[in-house]
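The primary structure of each chain is shown beneath.
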Amino acid sequence: MSPMQADRVRFNELINNIELSFLEKIGNRKLICYGASAVWPDVVRILAINDLVEFFVDRDKSRWDEIYYGKVIKSPIEIANVPESQYAVLVLAGAFEEVSVVLDRAGLIKDKDYFNMYLHDQVMESDTSAKAKRILWENP
């Protein structure tokens, strides 16, 4: 195996471990994605979670009821109408701190009921991720 092929294998193992770690965190819940942003195609390229997404929410009123990657975009108010035992929120918006305040007020708990797509430390803290980092960065 060439060094490039070995790197590709290690990278794929890292992606698989990140996906498994995220799936463990959300359990059997479906996802609501906060922010119908341009990052979504990249997210589903890395994490195969499109089938878990129930709908998107976005603060932009002009996008409500629009179909985005096969899912409807709704008002963020809709998050208050769904039980956190059945749904987790994946925040795709870059303004995570602002969104976090809204979700906290709705009674959701950060890193339990909602997750920041941009913060990789959630994944990096897990044992699975430590293994993934070793796979990626240590010599074979």
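Look above for the structure.
These numbers were taken from a predicted model, which means no experiment stands behind them.

The helix and strand tally for the chain stands at five helices and six strands. Secondary structure elements of the chain, listed N to C terminal, follow the sequence α-β-α-β-β-β-β-α-β-α-α. Counting every position in the chain, which comprises 140 residues, the buried fraction comes to 43%. In the chain, the share of contacts with a sequence separation of at least 24, taken over all contacts with a separation of at least 6, comes to 57%. Surface accessibility of the chain: about 8,300 Å² in total, with carbon and sulfur atoms responsible for 53%.

Let us now look at the pairing of strand β2 (residues 53-57). Burial analysis of β2 places four of its five residues in the buried class, the great majority of the element. For the crossover that starts at strand β1 (residues 30-34), traverses helix α2 (residues 40-46) and ends in the parallel β2, the hand is right-handed. The sheet contact formed by β2 and strand β4 (residues 71-74) spans two bridges and is parallel. Note that in β4 the partner of Val57 across the bridge is Lys74.

In total, this model carries five salt bridges according to the counting rule given. Here Arg29 and Asp113 are joined by a salt bridge, their closest N and O atoms 3.2 Å apart. Of this pair, Arg29 sits in the loop between α1 (3-26) and β1 while Asp113 sits in the loop between α3 (96-105) and β6 (114-116), and the two are 84 residues apart along the sequence. Here Arg29 and Asp113 have matching classes, each one buried. A salt bridge links Lys30 to Glu54, with the shortest nitrogen-to-oxygen separation between them at 4.0 Å.

Unlike most non-glycine residues, Asp65 shows phi in positive territory, near 75°. If you trace the backbone, Asp65 turns up in the loop between β2 and β3 (67-68). In the Ramachandran plot, Tyr69 falls in the positive-phi region, its phi being about 50° despite a non-glycine side chain. Inspection of the secondary structure puts Tyr69 in the loop between β3 and β4.

Let's shift gears to empty space enclosed by the protein. Counted by the stated rule, this structure contains one cavity of 30 Å³ or more. Quantified by volume, the largest cavity comes out at close to 40 Å³. Residue classes in the lining of the largest cavity are distributed as six nonpolar, no polar and two charged.

Each value, and the rule that gives it
Residues numbered from 1 in each chain as written. Predicted model: local features only at pLDDT ≥ 70, side-chain atom pairs only at ≥ 80, totals over all residues. Heavy atoms only, no water. Helix = DSSP H or I, 4+ residues; strand = E, 2+ residues; numbered from the N terminus. Buried < 20%, exposed > 50% of the residue type's maximum accessible area, 1.4 Å probe, protein only. Contact = heavy atoms within 4.5 Å. Areas by Shrake-Rupley, 256 points an atom, 1.4 Å probe, with all protein chains shown as cover. Right-handed = clockwise from strand over helix to strand, strands pointing away. Pairing = 2+ DSSP bridges. Salt bridge = Lys/Arg side-chain N within 4 Å of Asp/Glu carboxyl O. 1 Å grid on protein atoms, 1.4 Å probe; cavity = no way out; pocket = protein on both sides within 12 Å on 5 of 7 lines; lining within 4 Å. Points joined across faces, edges and corners; volume = space filled by probe spheres on them. Nonpolar A, V, L, I, M, F, W, Y, C, P; charged D, E, K, R; others polar.

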